[in-house]
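Report on the structure
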Amino acid sequence: MPSARIYRPAKDPTQSGLARTKQWVLEFDQTEPRETDPLMGWTGSSDMLQQVRLEFDTVEEAVAYAKSAGIAYRVEETPPPIARKGLSYSDNFKFNRTAPWTH
């Protein structure tokens, strides 16, 4: 019986956009260990479920799919993003700075 995790992907740290973070993803867990090819050194596995990644609009849809397919699942909640306070470059040179200069 395969098992899977359902989660919402985090924002890509190298990009400022929120693309591909609004949908829920169902990914299957690893059932067989990865093996190293002795000739080329590549790693691989004969487990084809590791290549499956299903996307759903809501967590309820993902859970309903897992239940209907008989897949053991776990839902991983992601913490909400931390709101950052925007600062301008000129704020570094204000006379009423509360933080001391570091250089």
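Heads up: the structure comes first, above all this text.
Cut-off values and rules
Residues numbered from 1 in each chain as written. Predicted model: local features only at pLDDT ≥ 70, side-chain atom pairs only at ≥ 80, totals over all residues. Heavy atoms only, no water. Phe/Tyr/Trp six-rings, centres within 6.5 Å; stacked < 30°, edge-to-face > 60°. Buried < 20%, exposed > 50% of the residue type's maximum accessible area, 1.4 Å probe, protein only. Lys NZ or Arg CZ within 6 Å of the ring centre and 35° of its normal. Helix = DSSP H or I, 4+ residues; strand = E, 2+ residues; numbered from the N terminus. Contact = heavy atoms within 4.5 Å. Salt bridge = Lys/Arg side-chain N within 4 Å of Asp/Glu carboxyl O.

**Description of the packing of aromatic side chains**
When we look at a pair of aromatic rings, we describe it by the centre distance and by the angle of the planes. Scanning the entire structure with this criterion turns up one aromatic pair. Pairing Phe56 with Tyr65 gives two aromatic rings, centres 5.7 Å apart and planes at 40 degrees, and the pair type is tilted. The class of Phe56 is buried, set by a relative accessible area of 13%. With relative accessibility at 33%, the residue Tyr65 sits in the partly exposed group. Across the ring face of Tyr7, the terminal group of Arg5 is positioned such that the distance to the ring centre comes to 3.9 Å.

**Examining the environment of Gln50**
Relative to the elements of secondary structure, Gln50 occurs in the loop between β4 (43–44) and β5 (53–56). In this structure Gln50 comes out as partly exposed when scored by relative accessible area, which is 22%. Along the primary structure Gln50 and Ala4 are separated by 46 residues, whereas in three dimensions their C-alpha atoms are 9.8 Å apart. In this structure, Gln50 is in contact with Gln30, Thr31, Glu32, Arg34 and Ser45, ignoring residues within four places of it in sequence.

**Observations concerning the pattern of salt bridges**
For the structure shown, the criterion picks out seven salt bridges. Among the salt bridges present, the one from Arg5 reaches Glu27, with a minimum N-O distance of 3.9 Å. With Arg5 in strand β1 (residues 3–7) and Glu27 in strand β2 (residues 24–28), this residue pair connects regions lying 22 residues apart in the sequence. Assessed through its relative accessible area of 21%, Glu27 is described here as partly exposed. Measuring nitrogen to oxygen at the nearest pair gives 3.4 Å for the salt bridge that ties Glu76 to Arg74. The partly exposed category is assigned to Arg74, whose relative accessible area is 37%. Via salt bridges that share partners, Arg5, Arg20, Glu27, Asp29, Arg53, Glu55, Arg74 and Glu76 belong to a single interconnected network.

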